[in-house]
Amino acid sequence: MSYNTLITPFLCMFILASCISQTPVSASESVDIVILRLRYKVHILNGFADNAKPLVIHCHSKDDDLGQHTLWKNQEFRFKFIISFVKTTHFICDFNWGSNSANNITVFKSTLESETCKSTGNCFWKAAEDGIYFSNNDKNWVKWVAWW
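Residues numbered from 1 in each chain as written. Predicted model: local features only at pLDDT ≥ 70, side-chain atom pairs only at ≥ 80, totals over all residues. Heavy atoms only, no water.

1. Examining the overall build of the protein
What counts is decided by this rule: Secondary structure counts use DSSP, requiring at least four H or I residues in a row for a helix and at least two E residues in a row for a strand, with both numbered from the N terminus. Buried residues are those whose accessible area, probed at 1.4 Å on protein chains only, stays under 20% of the maximum for their type, while exposed residues exceed 50% and partly exposed ones sit between those limits. The criterion used for residue contact is that any of the two residues' heavy atoms lie within 4.5 Å. A 1.4 Å probe and the Shrake-Rupley method give the accessible areas. Residues count as covered only by the protein chains that appear here.
When helices and strands are tallied, the protein shows two helices and nine strands. For the protein, the sequential pattern of α-helices and β-strands runs α-β-β-β-β-β-β-α-β-β-β. Here the protein, with 148 residues, has 38% of them falling under the buried criterion. Look at the contacts in the protein between residues 6 or more apart in sequence, and 48% of them connect residues 24 or more apart. Put simply, the protein shows about 8700 Å² of open surface, and 57% of that area lies on carbon and sulfur atoms.

Here it is, written out as structure tokens:
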């Protein structure tokens, strides 16, 4: 019996197990140790104090156009996907709020966010009056981009 014949079934079972138990049910749950994560969710939140102007976003990858979405105060747009082993998974969004804009913002790239979002499987982006913030747990926010 060859080495490939023995290792292939175990490798297949490992990949299937990784696919089945990926993203936690809620964003607040965490996973202690993740060796390989294939599924991710990106959340884009309108964190503005009022509804004077909506947040308008347009997200896409090389393969998928997720369309334009208008988010009012406290609304969220989210999408989920499985990363590609063949090519880099890369999603970009344009954020517009009144006369302010932040274009071509990378909200997920498998070489970067797969590490920053790996523990929860979630990448959160929140637009606020002074810019766009990032979190992987919807609690600890870091300012990522200023409006221009």
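After that view, the rundown keeps rolling.
2. Here we look at the sheet that holds strand 2 (residues 55-60)
What counts, and what does not: DSSP bridges decide pairing: two strands pair if at least two such bridges lie between them. Only the stretch in contact is used when fitting a helix axis, every axis being a line fitted to C-alpha atoms; angles between N-to-C directions are given from 0 to 180 degrees.
On the basis of which strands lie adjacent, the open sheet formed by four strands has the order 3-2-5-6 and antiparallel pairing. With partners counted over all chains shown, the strands left at the sheet margins are strand 3 (65-71) and strand 6 (100-109), one partner each. Across this sheet, the average inter-strand angle for adjacent strands is 15°, counted without regard to direction. Taken together, the six bridges between strand 2 and strand 3 define a ladder with antiparallel strand orientation. Across the sheet, the residue bridging to His60 is Asp65, located in strand 3.

3. Structural notes on the nonpolar core
Stated precisely, the cut-off is as follows: Put simply, a nonpolar core is a bunch of buried Ala, Val, Leu, Ile, Met, Phe, Trp, Tyr and Cys residues held in one set by side-chain atoms that sit within 4.5 Å of each other.
In this structure, Val42, Ile44, Leu55, Phe95, Trp125 and Trp147 are the most contacted members of the largest nonpolar core, which totals 29 residues. At the level of elements, strand 1 (39-46), strand 2, strand 4 (76-82), strand 5 (90-97), strand 6, strand 7 (122-128) and strand 8 (131-135) are the ones that each hand at least two residues to this core.

4. Some details on the pairing of strand 6
Relative to strand 6, strand 5 runs antiparallel, the two sharing seven bridges. Bridging from a neighbouring strand, Trp97 pairs with Asn100 of strand 6. Between strand 5 and the antiparallel strand that follows it, strand 6, lie two residues; Gly98 among them carries a positive phi value of about 60°.

5. Some remarks on the pattern of salt bridges
Counted only if it meets this: Any Lys or Arg side-chain nitrogen found within 4 Å of a carboxyl oxygen on Asp or Glu counts as a salt bridge.
This model, assessed by the stated rule, comprises two salt bridges. One salt bridge connects Lys143 with Asp130, and the closest N-O pair in it is separated by 3.8 Å. Taken together, the positions of Lys143 in strand 9 (residues 142-145) and Asp130 in the loop between strand 7 and strand 8 put the pair 13 residues apart, joining distant regions of the chain. Since its relative accessible area comes to 39%, Asp130 is described here as partly exposed.

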